[in-house]
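# Observations on the model geometry
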Amino acid sequence: MLLAVDAGNTNVVFALLEGGEIRARWRIATDPRRTADEYAVWLSQLLSLEGYDRAAVTGVIVGTVVPRALHNLQVLSQKYFGTEAVIAGQGSAEWGFPLDVEEPGSLGADRALNMIAAHARHQGDLIVIDFGTATTFELVDYSGAYKGGIIAPGINLSLDALFTAAAKLPRIAISAPESTTVVGRNTVDQMHIGIYWGYIAMIEGLVARLKAEVGRPLKVIATGGLAVLFEKHTSVFDTIEPDLTIQGLAMLWERSQQGN
């Protein structure tokens, strides 16, 4: 079995895969100071609750956008799973697709993994939107080449900024509204409308601009934990695939093992 680790800015996701299928997944807040021993205690308990033993894990692959978190995840793999972790984007796990941008070295692992999985699962030109700490838009052409993209603040970052910077505004939780009105009658409703419908307008507007600039049909794939939040009130997504990053890790692992 494969343990795929997606270390993002907000959360670290551990997924257990067998034959390319996700059998279990767990999420913990990202903390670069968390030691391999702490990860192991937490993860061993969760594996046990799902009916698995550590010995069932024969491979580990890590994709991270938090460099400081990498060392302890590598130690976790060595010490508690008895294997060297494959690092996404390095060595035998290089991305394997053209990066047709000005700064290819700055591409985040999560974005690259999303593109690997999206291109493998869908034909033609693609827009991949990932709703995470940041909201990212990736443009992938029919050959699988990365042509560029967009980075926008994530919806929770926007909410935190509003709460932090404005003394009289409360902290609110975001959810899909029941009403389609954009006339708020109280402060909380007005904030909710501004954030939610503002985000819908941003998504639809940027996708429309990307489609107009490319001039060819583009399939829009949404991923990330918050993607389903917007599904009810926009038709801009052709499909939602919440596990795209993990699927990309599994595909990269298989590629790294060819010839071994």
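Within any chain, residue numbers begin from 1 and follow the written order of that chain's sequence. Local features are withheld for residues below a pLDDT of 70 in this predicted model, meaning they are given only at 70 or higher, and side-chain atom pairs are given and counted only at 80 or more; totals for whole chains, interfaces and linings count all residues. Only hydrogens and water are removed before side-chain values are computed, so all heavy atoms of the structure are retained for them.

### Here we look at the overall build of the chain
A count of helices and strands for the chain gives 7 helices and 10 strands. Its C-alpha radius of gyration of 20 Å places the chain within 12% of the 18 Å reference for a compact globule of 260 residues. With respect to the principal axes defined by its C-alpha atoms, the chain has extents near 60 × 45 × 30 Å. Put simply, the chain has 260 residues, and 48% of those count as buried. In what follows, a contact means two residues having at least one pair of non-hydrogen atoms within 4.5 Å. Of all intrachain contacts in the chain linking residues separated by at least 6 positions in sequence, the fraction that spans at least 24 positions is 56%. Values of accessible area rely on a 1.4 Å probe in the Shrake-Rupley scheme; residue burial ignores everything except the protein chains shown. When the accessible surface of the chain is totalled, it reaches about 13,000 Å², and 50% of it is carbon and sulfur. The numbering of helices and of strands both runs from the N terminus, where a helix is a DSSP run of H or I of at least 4 residues and a strand a run of E of at least 2. What the globule rule says is 2.2 Å times the number of residues to the power 0.38, and the radius of gyration is computed from C-alpha atoms. A simple rule labels every residue: compare its accessible area, found with a 1.4 Å probe on the protein chains alone, to the largest value its type can have, and call it buried under 20%, exposed over 50%, or partly exposed in between.

### Some thoughts on the sheet that holds strand β9 (residues 219-223)
What makes two strands pair is DSSP finding at least two bridges between them. Strand order in this open sheet of 5 strands is β8-β7-β6-β9-β10, and the pairing throughout is mixed. Each having just a single partner strand, β8 (146-153) and β10 (239-240) make up the two edges of the open sheet. In terms of strand pairing, strand β6 (residues 126-131) meets strand β7 (residues 134-140) through 6 bridges, oriented antiparallel. In the sheet register, aspartate 130 faces β7, and the bridge partner there is threonine 136.

### A short note on the packing of helix α1 (residues 36-49) against helix α2 (residues 67-81)
Comment: axis = line fitted to C-alpha atoms, over the contacting stretch for helices; angle = value between 0 and 180 degrees taken between N-to-C directions. Their axes nearest at 9 Å, the elements α1 and α2 cross at an angle of 60°. Here α1 lies oblique to α2, going by the angle between them. In this structure, the crossing between α1 and α2 has a hand that is right-handed. Listed contacts from α2 to Ala36, Asp37, Tyr39, Ala40, Leu43 and Leu47 of α1 are Asn72, Leu73, Val75, Leu76, Lys79, Tyr80 and Phe81. Gly falls in the polar group here, along with every residue not listed as nonpolar (Ala, Val, Leu, Ile, Met, Phe, Trp, Tyr, Cys, Pro) or charged (Asp, Glu, Lys, Arg). When the residues that make up the contact of α1 with α2 are grouped by side-chain class, the tally is 10 nonpolar, 1 polar and 2 charged. Throughout, the term roughly parallel applies to angles under 35 degrees, roughly antiparallel to angles over 145, roughly perpendicular to angles from 65 to 115, and oblique to all others. Handedness of a crossing follows from how the near helix is turned relative to the far one, being left-handed for an anticlockwise turn of less than a right angle and right-handed for a clockwise one.

### Quick look at the layout of surface pockets
A volume near 840 Å³ is recorded for the largest pocket. Detection works on a 1 Å grid of protein atoms alone, calling trapped sets that fit a 1.4 Å probe cavities and calling open sets with protein on both sides within 12 Å along at least five of seven lines pockets, with lining residues defined by an atom within 4 Å of a point. Surrounding the largest pocket, 35 residues form its lining, Asp6, Asp130, Phe131, Gly132 and Thr133 being those nearest its centre. Elements that contribute at least two residues to the lining of the largest pocket include exactly β1 (2-7), β2 (11-18), β3 (21-29), α3 (109-121), β6, β7, α4 (155-165) and α7 (244-257). Tallied by class, residues from the lining of the largest pocket come to 13 nonpolar, 14 polar and 8 charged. Grid points are joined across faces, edges and corners, and a volume is the space filled by probe spheres set on the points.

### Some details on the pairing of strand β4 (residues 59-64)
Across a regular strand the side chains alternate sides, sitting on one face of the sheet and then on the other. With 6 of 6 residues buried, β4 lies mostly within the body of the structure. As paired elements, β1 and β4 share 6 bridges and run parallel to each other. When the sheet's bridge partners are listed, leucine 2 is paired in β4 with glycine 59. Note on handedness: a clockwise path from strand one over the helix to strand two, with the strands aimed away from the viewer, defines a right-handed crossover. A crossover links β4 with its parallel partner strand β5 (residues 86-87), the connecting element being α2, and its sense is right-handed.

### Details of the UniProt feature "active site" (unreviewed entry) in the chain
The feature "active site" (unreviewed entry), as annotated in UniProt, sits at Asp110 in this numbering. Counting through the fold element by element, aspartate 110 comes out in helix α3. The contacts of aspartate 110, once residues within four sequence positions are left out, are Val65, Asp130 and Thr245. UniProt positions are given in the numbering used here, feature names are shortened, and annotations may be inferred rather than shown by experiment.

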